[in-house]
Amino acid sequence: MPTSAELIDWDRQHYWHAFTQMAEYTPLVIERAEGVWLYDVEGNRYLDGISSMWCNLYGHRHPKIDAAIRNQLDQVAHATSLGMATVPAIQLAKRLAELAPGDLNHVFFGSDGSSAVEAAIKIAFQYWQQHEYPQPKKQRFIALGEAYHGDTLGSASVGGIDRFNAMFQPLLFDVIRLPIPDREKLPAGADASYYLAELDRVLSAEHETIAAMVIEPCIQAAAGMIFHPAGYLHGVRELTRKYNVLLIADEIVTGCGRIGKMSACELEGVVPDLLCLGKSLSGGYLPISATIATSEIYQAFLGTAASARSFRHGHTYAGNPLAAAAALAALEITQDSGGAQDVSNRQEQLNELLANLERLPHVASTRRMGMIAAVELTPTGANAERYPVEMRIAYQICREALKRGLWLRPLGDTLVIMPPLSITQDELTFFGEMLHDSIATVTANPLPPDQVAHLAGDD
Ligand code: PLP
């Protein structure tokens, strides 16, 4: 076994981390984990406050998920999904079809959230080309401002965060971009129809050339955990149906129990045409994602080999049986031992935690949906003002929290609270206290921008 010093050195020398400025990176090397705790090679422990990038649903080393993977390992670790299937992948497809709303019955597996969205985009495109009554002009997509759907070129094209995409703009396809329907920016007295009016206008003028609208239902995660106004998703479904445009719901973050339901679409009684799941699908254990299509869409891909109607897309490890076994176990936990119960057990405590943070002078507001919460920081506690971007105030707070045993990763000036649903009352109390003290310490005496760059950092 290498020493911790060797690992830290090799990490710096050879490991190119995602979304990380490697010139400023300080290695944090995790050796093991248990429940909500991550342990590094030097024996420190950190509460995993963002569920290992929003995916770990029931804690690390969950006995049921561990056992499911071990049992599957004794059978087969991988067999292709091209022209054959494995036992857990079939069971998972059936289970997802049962759990997904409406007639979302056909499951196409991928490995990551991006690949699920990429598949959805291509399915939507191909669907209109080979529809019983083909509509070859339907080639364009509607997406929302500040959307994030992944980093492959298709999923990045529908994404709307300049910080991620500006560099690659020449490689991306054009989309029709609508403003982000931020519930907090609604004019006084206005409701979801304020944002829906623009969608109605675009669809009425251009629906003949639009294949689908892509949306993160109810919460735009990477945008800063921005919440849509109630009724917006429902309105989007009504309009897309009226104008014969497909609806792709990207529930990579919101799906699989994180908000107390299998999908955010259920909150507004919506059935999309394509539903994308990832992240929490395997309980945050192994890479697997799913693009679930309605029977109507699926039918358009059937025919003889000579008709060339099959979906021209696929990945080597799609439907991997170890990942599928982990996903089946995670779904079983959600169903049997009440994942939704976990959410409701902690919601009230999380509300109190947020109320306590709101008393701090530099916390402008907080918000929560299920076990996703966000804390907005401003220089005076007033919503309109902003810290200078270069100050990276939320990042400074995350560095402070790390010293206190709490691992977090911010989104701009927004702090994200998203622990595993299995977090205990005492652990959530620890979370709240460490976050409170870290915010108080840093906002009382923040580092000036020129010194922040010298904190070992990530983007
Ligand atoms: N869609 C949404 C809403 C996401 O937040 C993310 C990642 O955070 C993705 C898609 C991409 O998922 P992945 O990172 O697994 O490719």
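The rules behind each value
Residues numbered from 1 in each chain as written. Predicted model: local features only at pLDDT ≥ 70, side-chain atom pairs only at ≥ 80, totals over all residues. Heavy atoms only, no water. Helix = DSSP H or I, 4+ residues; strand = E, 2+ residues; numbered from the N terminus. Contact = heavy atoms within 4.5 Å. Buried < 20%, exposed > 50% of the residue type's maximum accessible area, 1.4 Å probe, protein only. Pairing = 2+ DSSP bridges. Near = heavy atom within 4 Å. Polar contact = N/O pair within 3.5 Å; in protein donor to acceptor, adjacent residues only side chain to side chain. Areas by Shrake-Rupley, 256 points an atom, 1.4 Å probe, with all protein chains shown as cover. Nonpolar A, V, L, I, M, F, W, Y, C, P; charged D, E, K, R; others polar. Axes fitted to C-alpha atoms, helices over the stretch in contact; angles between N-to-C directions. Parallel < 35°, antiparallel > 145°, perpendicular 65-115°, else oblique. Left-handed = near helix turned anticlockwise from the far one by under 90°. Salt bridge = Lys/Arg side-chain N within 4 Å of Asp/Glu carboxyl O.

## Quick word on the environment of His 207
Phase 1: Its location among the elements puts His 207 in the loop between α8 (193-206) and β7 (210-215).
Phase 2: Between the alpha carbons of His 207 and Lys 242 there is a distance of 9.8 Å; along the sequence they are 35 residues apart.
Phase 3: Aside from chain neighbours lying at most four places away, what touches His 207 is Lys 138, Val 202, Tyr 243 and Val 245.

## Considerations on the pairing of strand β11 (residues 274-277)
Phase 1: Burial of the side chains of β11 extends over both faces: Leu 274 and Cys 276 are buried on one face and Leu 275 and Leu 277 on the other.
Phase 2: Across three bridges, strand β10 (residues 246-250) lies against β11 in parallel orientation. Residue Ala 249 lies in a different strand from β11, and its bridge partner there is Leu 275.
Phase 3: Of the strand pairs in this sheet, β11 and strand β12 (residues 289-294) are connected by four bridges, and their pairing is antiparallel. Each bridged residue has a counterpart across the sheet, and for Leu 275 the counterpart in β12 is Ile 292.

## Considering the site of the ligand
Phase 1: By nearness alone, every residue bordering the ligand is listed as Trp 54, Asp 112, Gly 113, Ser 114, Tyr 148, His 149, Gly 150, Glu 216, Asp 250, Ile 252, Val 253 and Lys 279.
Phase 2: Note that an oxygen atom of the ligand is positioned 2.8 Å from one of the backbone N or O atoms of Gly 113.
Phase 3: For the ligand, the protein covers 85% of the area, taking 390 Å² as the surface of the free molecule.
Phase 4: A per-class count over the shell around the ligand returns four nonpolar, four polar and four charged.

## As for the sheet that holds strand β1 (residues 30-34)
Two orientations exist for strands paired in a sheet by backbone hydrogen bonds: parallel and antiparallel.
Phase 1: Pairing within the open sheet is mixed, and its four strands lie in the order β1-β2-β3-β15. Strands with a single pairing partner mark the edges of an open sheet, and in this sheet they are β1 and β15 (406-407).
Phase 2: Sheet topology places β1 next to strand β2 (residues 37-40); four bridges connect them, and they run antiparallel. Following the sheet pairing, Ile 30 is matched in β2 by Asp 40.

## Examining the sheet that holds strand β16 (residues 414-417)
Phase 1: Here three strands make up an open sheet; going across it, the order is β13-β14-β16 and the pairing antiparallel. Among the strands making up the open sheet, the edge pair consists of β13 (363-369) and β16. Between one strand axis and the next, the sheet turns through 15° on average, direction left out of account.
Phase 2: Relative to strand β14 (residues 372-377), β13 runs antiparallel, the two sharing six bridges. From the neighbouring strand, Arg 368 faces β14, where its bridge partner is Ala 373.
Phase 3: Sheet contacts for helix α13 (residues 393-403): β14 and β16; angle to β16, the most-contacted strand, approximately 45°.

## Some details on the pairing of β13
Phase 1: The element β13 is extensively covered by neighbouring structure, given that six of its seven residues are classed as buried.
Phase 2: Here β13 folds back onto β14 in antiparallel fashion, the turn holding two residues, of which Gly 370 has a positive phi close to 55°.

## Re the packing of helix α3 (residues 63-73) against helix α11 (residues 321-336)
Between two packed helices, what matters for the description is the angle formed by their axes and the separation of those axes.
Phase 1: As a packed pair, α3 and α11 sit with axes 8 Å apart at the nearest point and diverge in direction by 150°. Relative to α11, α3 is oriented roughly antiparallel. In this structure, α3 crosses over α11, and the sense of that crossing is right-handed. For the pair α3 and α11, the contacting residues are Lys 64, Ile 65, Ala 68, Ile 69, Gln 72 and Leu 73 in the first and Pro 321, Leu 322, Ala 325, Ala 326, Ala 329, Ala 330, Glu 332 and Ile 333 in the second.
Phase 2: Of the residues that constitute the contact of α3 with α11, the class distribution is eleven nonpolar, one polar and two charged.

## Re the side chain of Thr 254
Phase 1: Relative to the assigned elements, Thr 254 resides in the loop between β10 and β11.
Phase 2: Here Thr 254 falls in the buried class, since its relative accessible area comes to 2%.
Phase 3: At 2.7 Å, the side chain of Thr 254 and the side chain of Glu 251 are in polar contact.
Phase 4: Here Thr 254 is in contact with Pro 217, Ile 219, Ile 259 and Ala 264, once residues within four sequence places are set aside.

## Some thoughts on the packing of helix α4 (residues 87-99) against α11
Phase 1: Two elements in contact, α4 and α11, have axes whose closest approach is 8 Å; the angle formed by their N-to-C orientations is 35°. Between α4 and α11 lies a crossing of left-handed hand. Contacts between α4 and α11 pair Pro 88, Ala 89, Gln 91, Leu 92, Arg 95, Leu 96 and Leu 99 from the former with Pro 321, Ala 324, Ala 325, Ala 327, Leu 328, Leu 331 and Gln 335 from the latter.
Phase 2: Of the residues in the contact of α4 with α11, the class split is eleven nonpolar, two polar and one charged.

## A short note on the pattern of salt bridges
Phase 1: Under the definition given, this model contains eleven salt bridges.
Phase 2: For Arg 95, the salt bridge identified is with Glu 98, shortest N-O distance 2.6 Å. One end of the pair is Arg 95 and the other is Glu 98, both in helix α4 and three residues apart, which spans about a single turn.
Phase 3: Note on Glu 98: relative accessible area 44%, which makes it partly exposed.
Phase 4: Close ionic contact of Arg 201 with Glu 198 constitutes a salt bridge, the shortest N to O distance being 3.0 Å. Highlighted residues: Arg 201 and Glu 198, both in helix α8, separated by three residues, approximately one helical turn.
Phase 5: Residue classification places Arg 201 among the partly exposed residues on the basis of a relative accessible area of 48%.
Phase 6: Ionic contacts of the salt-bridge type, sharing partners, join the residues Lys 94, Arg 95 and Glu 98 into one network.

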